[in-house]
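Structure at a glance
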Amino acid sequence: MYDVIIVGAGVIGGMLARELTRYRLSVCLLEKENDVACGASKANSGIVHGGYDPTPGTLKAKLNTAGVEKLFAAAAELHVPCTRCGSLVVAFSAEEDEIVKALLERGLINGVKGLSVLTGDEARALEPALSPDVTSALSVPNAGVVCPYQLTIAAVGNAMDNGAALQLNFEAVAVSREADGFTVTAADGRAVKGRYLVNCAGGHADQIAAMAGDGFFTLIPRAGEYMLLDKAEGGRVRRTIFQVPTKEGKGILVTPTADGNLLTGPTATHVESAESTETTPAGLETVARLAAKSVPSVNFRQVITSFTGVRASVAGGDFIIEPSKTVQGLLHVAAIDSPGLTCCVAIAEYAVGLLQSMGLAAEKNPTFNGARADVHAFRHMSNEERDAYIKEHPDYGKIICRCETVTEGEIRDALRRNPPANDIDGVKRRTRAGMGRCQGGFCMPYVMRLISEERDVNMTDVTKNGGASKQLKGRI
Amino acid sequence: MKYHDIVIIGGGPAGMAAAVAAYDAGVTDVAILDREETLGGILKQCIHNGFGLHKLGRELTGPEYADVYRAEVEKRGIAVYTDTMVTAVSPERVVTAQNRTGVLTMQAGAVVLAMGCRERSRGALNISGTRPAGVYSAGTAQKLMNCEGYRVGERVVILGSGDIGLIMARRLSLEGAKVEAVCEIMPYSGGLIRNIVQCLEDFGIPLYLSHTVAEIHGRRRVEGVTIAEVDDKRRVIEATKRYIPCDTLLLSCGLIPENELTRAAGIPMDPVTGGALVDEHRETAVPGIFACGNVLQVHDLVDYVSDEAEIAGVGAASFVKNQKAKRPVIATKAGNGVRYVLPQQVHADGSEDISLFLRVTKPFGKVRYTVSAGERVLATANRLKAAPGEMEKITVGRDKWQGVAGPVTVSLEEL
């Protein structure tokens, strides 16, 4: 019997698990996929939003303003790639200039610091690649970028280092409320019991709510398509470039990523389900066209991959973070769309407070350590540091992924440390092996061999992302 | 810091041939650095035959061809650092590498870049759809099959009719897979004719020209692809879309010279070849740094890689021995019907015969090539046909170069 069961190991579930291990509590994360960060947490803009956008008075506004600094602090403690690069929201007409001014006003009400409105020329002085058609811009210096899946992996890993449990491939099919708590049953028959249940199931949170007997909301899945460009394009802009919200949605952004690539997107289209993560010709065309509106010189011949993330939105637009009105001990942390990533630490703290108000006794855990050991990312080391480290750890002398300079040592580490990678995509998200310009063309067979060795599985059972995603069909 | 007269980056066919040629030209302190456990590069996974007909006068498999050169390297006692990855080259010819013993830095008298190329990925092609397992670049699938001994798929569609794709179509068929189709976005194949005959026609595999893969389907593993015909601007014609069930998609859509080290060293590049700008000795614009093989331009046959590497190896040896002062160069230009000419610049002082290598823009019938400097014709050559997939070579004798001052243009006219 765990004190708390969290359904969903995305960035919210992961950060909540970490927050709960600050107390003497037993915590179990349940995840339906073969790894953490497999839903919206791996496929989003990776933006730390300044806080000017949410409607004042909403939960989003409150948690965004509070969340920015908490996020930067957690990212530093967890050694997750993160840069406070600032952002610009650009306008292209007199009408849009007014929207920029309105965003400034809204930001001031939300308590965002450092905002200012720039003329088009002032914006171009900061970002020379901006379109000559930009007429004004809101400057948001406190904003930034963070690697969302690394943040999730690090949060879950740190929670596990502090005692939390993680069960993967746990696809919940039933939730029952008993006298002393909940039992969550998986498709494969596993059952986990806990006194409190937190619904952090992202795009499936409405289904989990219904399973627990409290299906009072319905998510509206909205897909966003992205194109990621080579690091050669990473310096095209230094800040995140948003467009003012228009009829077409919140707008296509052009941003450096925390890892030095250039990211463009997302579109916003209603789709069938959270699993509708395919890209479309029309979507990718829209991304290219609208990104070029802000930054005409983006070289789309440098695209290295495209992907789709599905937002978990609701009609009302605000987060749903509240105890169930009908099921005692159930807490919903749902409808976490943008700016959910920015808010994840603030949401976790807020959720812990709610759990305490629901009766969860929370005594400080004296052995909690919020720091996660840095991964020894070779690409960030000097030659002297590399030489010294290889002398101690010869596996770091062998480079497996040449595009991203990832060593065998880093990959073995990713297959051992919490939460250990189980598949090729898991190694990729932890180490960047396969994430560069050749997209794993050279390193995939080596990565597969290391997975096979470290995780003690046959080569023919190594998967891309769990389940039926085996790469090989057998021996010759 | 270690010193070697010549440091060669990459131990594939180009690196080995350059090393042997440099040694035989009288510079014996030569070192080859290679990231893999053994020399040979991509040849190690090319277990089909057809290698060496031009260069060695006999037909070998890829590993056999590599063995020939590896034996020559060993015989000469050339230093070989395997499992060693070069991470930087400076314009001053300091090479930084690493292996399991630590970080190595070497001062080189001359450097030969021979890093080869990589395949264009699914992401770079921007094919829409899902992202399941079972999408391979052809070379990755080739390595898994031929070096690791695994089957990668049972029902396969191949996009791109480059040579690796064609050879993999046969290889997969031999291992019992059903190759449903090879789609080529261009109206002609970029592969060698012998490969189309021996790898597709002999196995009854359909080749669809002016076709592409428009979408990939399947959530965990590929379940099918949508193929479609394209118009003359390579846009998908919606009405021609059709679904082919398959579990694997192989991509053979072009090779990209792997020039990250070259660019980082600030060496000027040719946007058309994707390789460095070089002179007739394959010296780049940075003195003492040479380039050859697929890192310089993508070749059709390994035999031609070896030829080019010998030019670079001899050039590097000459640089180490002579340290000649810079001589004036003139540019070569691609004229009508020609996509590029390599070398991009030449020393036209008449001291040696110079061969110009080129590719054409599209297939032609009977053609005449003309090498000219202004009004002056330096050479002509007639050919029965010309195709983008087949590199052409035209040699201009030393006497012809004398007095040539302006740029030299190679153009073709269809006869």
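Structural data are supplied above this passage.
Residues numbered from 1 in each chain as written. Chains lettered and ligands numbered in written order. Predicted model: local features only at pLDDT ≥ 70, side-chain atom pairs only at ≥ 80, totals over all residues. Heavy atoms only, no water.

One simple way to see leftover space: roll a probe sized like a water molecule over the atoms. All names here are of chain B. A full pass over the atoms with the stated rule returns three cavities of 30 Å³ or more. Computed from the structure, the second largest cavity encloses a volume of approximately 40 Å³. In terms of lining residues, the second largest cavity is bounded by Met145, Arg151, Val152, Gly153, Glu154, Leu172, Glu175, Gly176 and Ala177. Looking at side-chain class alone, the lining of the second largest cavity contains four nonpolar, two polar and three charged residues. (1 Å grid on protein atoms, 1.4 Å probe; cavity = no way out; pocket = protein on both sides within 12 Å on 5 of 7 lines; lining within 4 Å. Points joined across faces, edges and corners; volume = space filled by probe spheres on them. Nonpolar A, V, L, I, M, F, W, Y, C, P; charged D, E, K, R; others polar.)

The next point concerns helix H5 (residues 163-174) of chain B. Residues and elements named next belong to chain B. The terminal C-alpha atoms of H5 lie 17 Å apart, and with 12 residues this matches the ideal 16 Å at 1.5 Å per residue to within 8%. Taken across its 12 residues, H5 has 10 buried, putting it largely inside the fold. Burial in H5 covers these residues: Asp163, Gly165, Leu166, Ile167, Met168, Ala169, Arg170, Arg171, Leu172 and Ser173. Each element contacted by the buried residues of H5 is listed here: helix H4 (138-146), strand E13 (155-159), strand E14 (178-184), helix H6 (193-200) and strand E19 (248-251). Of the residues flanking the end of H5, it is glycine 176, one or two places downstream, whose phi is positive at about 95 degrees. (Helix = DSSP H or I, 4+ residues; strand = E, 2+ residues; numbered from the N terminus. Expected span 1.5 Å × (residues − 1). Buried < 20%, exposed > 50% of the residue type's maximum accessible area, 1.4 Å probe, protein only. Contact = heavy atoms within 4.5 Å.)

Moving on, we get to the packing of H5 of chain B against H6 of chain B. All names here are of chain B. Packing of H5 against H6 brings their axes to within 8 Å, and their N-to-C directions diverge by 20 degrees. Relative to H6, the element H5 lies roughly parallel. When you trace H5 past H6, the crossing you get is left-handed. Touching Asp163, Leu166, Ile167, Ala169 and Arg170 of H5 are Asn195, Ile196, Gln198, Cys199 and Leu200, all from H6. A per-class count over the contact of H5 with H6 returns six nonpolar, two polar and two charged. (Axes fitted to C-alpha atoms, helices over the stretch in contact; angles between N-to-C directions. Parallel < 35°, antiparallel > 145°, perpendicular 65-115°, else oblique. Left-handed = near helix turned anticlockwise from the far one by under 90°.)

We now examine the sheet that holds E13 of chain B. Residues and elements named next belong to chain B. Taken in spatial order, the five strands line up as E11-E19-E13-E14-E15 in an open sheet, and their pairing is parallel. Each edge of the open sheet carries a strand with a single partner, namely strand E11 (135-137) and strand E15 (207-209). Adjacent strand axes in the sheet meet at a mean angle of 20 degrees, parallel and antiparallel pairs treated alike. Alignment of E11 against E19, held across three bridges, turns out to be parallel. By the bridge assignment, valine 135 is partnered in E19 with leucine 249. (Pairing = 2+ DSSP bridges.)

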